[in-house]
Amino acid sequence: MKPYAQYKTVGSLWKAGHTVFGLCSAYNHVTDPGAYMSDSEHKRSFVYARAIKNRIRKLGFKTIELSDGRLWPVKQ
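Note that the coordinates shown come from a computational prediction; the quantities given were computed from them, not determined experimentally.

### Observations regarding the environment of Ile 64
Checked against the element boundaries, Ile 64 lands in strand β1 (residues 61-65). Owing to a relative accessible area of 41%, Ile 64 belongs among the partly exposed residues under this scheme. Sequence separation between Ile 64 and Val 74 is 10 residues; the distance between their C-alpha atoms is 7.3 Å. Contacts of Ile 64, omitting those with residues within four sequence positions, involve Arg 70, Leu 71, Trp 72 and Val 74.

Given below as structure tokens:
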């Protein structure tokens, strides 16, 4: 399991998941367009990205996707 795949917000596997900037970094890593992925890895990365965006929303932020695909947090 990759660290950014952890769904629990209190887990010890990935401590950066407690900050919005750590979550944005994980999202940018998962959705990297230059990374080679098989079809199954691409489907799994979509699941990770959705979970990361949901966790960002729970922290009270909305997200804007920049023109180059990076995620940018905005306080609600």
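Once the structure has been displayed, the description carries forward.
### Comments concerning the confidence of the model for the chain
Confidence along the chain averages 79 in pLDDT terms, with 78% of residues attaining 70 or more. Of all secondary-structure elements in the chain, the lowest mean pLDDT belongs to helix α1 (residues 20-30), at 85, while β1 reaches the highest, 90.

Rules behind the numbers
Residues numbered from 1 in each chain as written. Predicted model: local features only at pLDDT ≥ 70, side-chain atom pairs only at ≥ 80, totals over all residues. Heavy atoms only, no water. Helix = DSSP H or I, 4+ residues; strand = E, 2+ residues; numbered from the N terminus. Buried < 20%, exposed > 50% of the residue type's maximum accessible area, 1.4 Å probe, protein only. Contact = heavy atoms within 4.5 Å. pLDDT = per-residue confidence, 0-100.

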